[in-house]
Every structure is written in C-alpha cells, then in structure tokens.
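This is what each chain is made of:
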Amino acid sequence: MSEVTRRSAVTAAAAAVAGVVVGIVYGRNSDAAKAPPGAAGYGYGSGGSAGPKKLTALANVPADGGVITQGYVVVRDAGDAVHAFSSVCTHLSCDVNRVADGKIFCPCHGSVFDAQTGTVVQGPAGSPLPKLPVTVKNGDVFTA
Ligand code: FES
C-alpha cells in the first residue's frame, strides 16, 4: 500500500467513525428520542403498531384524580370519564410524577398543570401537556 493510499484509508476510516458518533449523539438528543407516546411511530394508529395497549384498569384511576403509567397521565373526572396527557413535562422533558387536587406536578422545576385541561397552572413550563387519546373498554383504559 502506498503512502497516499494508506493516508486515504485512514482519513476515510476517521470520517466513518465521526459519522457514527454524530449519528449517535443526534439520535439521543433529537425530538424523536423523547417523543411522547402516541406520537408518530408509537401507539395505535401510527402505522405498523401492534394496536391499542392497556394502560390501567379504570378502577385504579381515582375519581377526580389520576395515575401516571407508560408515559401517560390518565385522569378521571368525578364519574367514569377519562382523558389523558403525555407524562413528559413541556419544560425540559422530565416525567411528571404526581396527580393531586386537580393538578399534575413535575418534580424537576416545579411546573404544575391542570389535570382536566393540561394547561400550565405554574411555570416554568410554557405550554400545556399534550393530550393523548385513550378509550375505556370492559373496565380498562387503553391507548386509542
Ligand atoms: Fe418539568 Fe422543568 S422539566 S418543570
């Protein structure tokens, strides 16, 4: 192998390694890496999914309260009506960790969201929790 050929091979190998590293870093930091459930490529109706999945039994969701499971905040009103939001805080993507007193709480920087609407009650989050569709069937709550 001549000197020029050896140098070209080393340069090509270095470029390939750099490309892999950039790809890994980009993938870990891209929005797709932290996409909420129900976003493209995840969940029912997104093309190629396995269909609805059970999130919890309706009986596990307290009236006027909620449960956090599998990336969803499943909230129930005073009756049997349920709705859900992404559990990923819109501030810096921590997972919210508590539903109480009609509110959803993020432990990282103190954001609070309204449990019925997902709107911000207290920042620093500046936008509401995204709504995610769910259905109730035979006493269980499913992704929709
Ligand atoms: Fe939720 Fe900062 S990530 S308040």
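Computed from a prediction, not measured in an experiment: that's the story for all the values here.

The rules we used
All residue numbers refer to positions counted from 1 along the written sequence of the respective chain. With the structure being a predicted model, the display of local features is reserved for residues of pLDDT at least 70 and the display and counting of side-chain atom pairs for 80 or more, all residues being used for whole-chain, interface and lining totals. Side-chain figures throughout are based on the complete set of non-hydrogen atoms in the structure, without hydrogens or water. Strands here are runs of E lasting at least two residues and helices are runs of H or I lasting at least four, both read from the DSSP assignment and numbered beginning at the N terminus. Only protein chains enter the accessibility calculation, which uses a 1.4 Å probe. A residue is then buried if its area is under 20% of the maximum for its type, exposed if over 50%, and partly exposed in between. Between rings of Phe, Tyr and Trp, where Trp is taken as its six-membered ring, a pair exists when centres lie within 6.5 Å; planes separated by under 30 degrees are stacked, by over 60 edge-to-face, and by other angles tilted. The rule for a charge over a ring is simple: NZ of Lys or CZ of Arg within 6 Å of the ring centre, and within 35 degrees of the ring normal. What counts as a disulfide here is a pair of cysteine sulfur atoms lying within 2.5 Å. By definition, two strands form a pair when at least two bridges between them are found by DSSP.

## Points about unusual backbone geometry
And then number 1: Residue Gly123 is joined to Pro124 through a cis peptide bond whose omega torsion reads 25°.
And then number 2: As for its position among the elements, Pro124 is in the loop between strand S8 (120–122) and strand S9 (131–132).
And then number 3: Positive phi values are uncommon outside glycine, yet Asp64 reaches one of about 60°.
And then number 4: Mapped onto the fold, Asp64 is located in the loop between strand S1 (54–57) and strand S2 (66–69).
And then number 5: A residue is classified by how much of its surface remains accessible, and Asp64, at 53% relative accessible area, is exposed.
And then number 6: Backbone geometry at Ser93 places phi at a positive 75°, although glycine is not the residue there.
And then number 7: When you line up the elements, Ser93 lands in the loop between strand S4 (82–86) and strand S5 (98–100).

## Some remarks on the packing of aromatic side chains
To describe a pair of aromatic rings, you give the distance between the ring centres and the angle between the ring planes.
And then number 1: Tallying each qualifying case throughout the model produces zero aromatic pairs.
And then number 2: Its guanidinium or amino end placed over the ring of Phe105, Arg98 lies 4.1 Å from that ring's centre, counting from NZ or CZ.

## As for the state of the cysteines
And then number 1: A full pass over the atoms with the stated rule returns one disulfide.
And then number 2: Sulfur-sulfur distance for the disulfide between Cys94 and Cys108 comes to 1.9 Å. One quick way to see it: the torsion about the S-S bond of Cys94 and Cys108 is about -100°, and its sign makes the bridge left-handed. Of this pair, Cys94 sits in the loop between S4 and S5 while Cys108 sits in the loop between strand S6 (103–105) and strand S7 (112–114); the two residues are 14 residues apart in sequence, bridging distant segments of the chain.

## Brief notes about the pairing of strand S10 (residues 134–137)
And then number 1: The pairing of S10 with strand S11 (residues 140–143) spans four bridges and is antiparallel. Bridge pairing in S11 links Val136 to Val141.
And then number 2: The antiparallel pairing of S10 with S11 creates a hairpin that spans two residues between the two strands, and Asn138 there sits at a positive phi of about 50°.

## A look at the pairing of S2
And then number 1: Examined bridge by bridge, S2 and strand S3 (residues 72–76) share four bridges and lie antiparallel to one another. Residue pairing in the sheet places Thr69 in a bridge with Tyr72 of S3.
And then number 2: Where S2 hands over to S3, the hairpin turn is made up of two residues, of which Gln70 adopts a positive phi near 50°.

## A word on the environment of Thr135
And then number 1: Mapped onto the secondary structure, Thr135 falls in strand S10.
And then number 2: Thr135 sits in the partly exposed class, given a relative accessible area of 37%.
And then number 3: The sequence separation of Thr135 and Pro52 amounts to 83 residues, and the corresponding C-alpha distance is 9.0 Å.

## What to know about the sheet that holds S4
And then number 1: If you trace the four strands from one edge of the open sheet to the other, you get S2-S3-S4-S9, paired in antiparallel fashion. Every interior strand has two partners, whereas the edge strands, S2 and S9, have only one.

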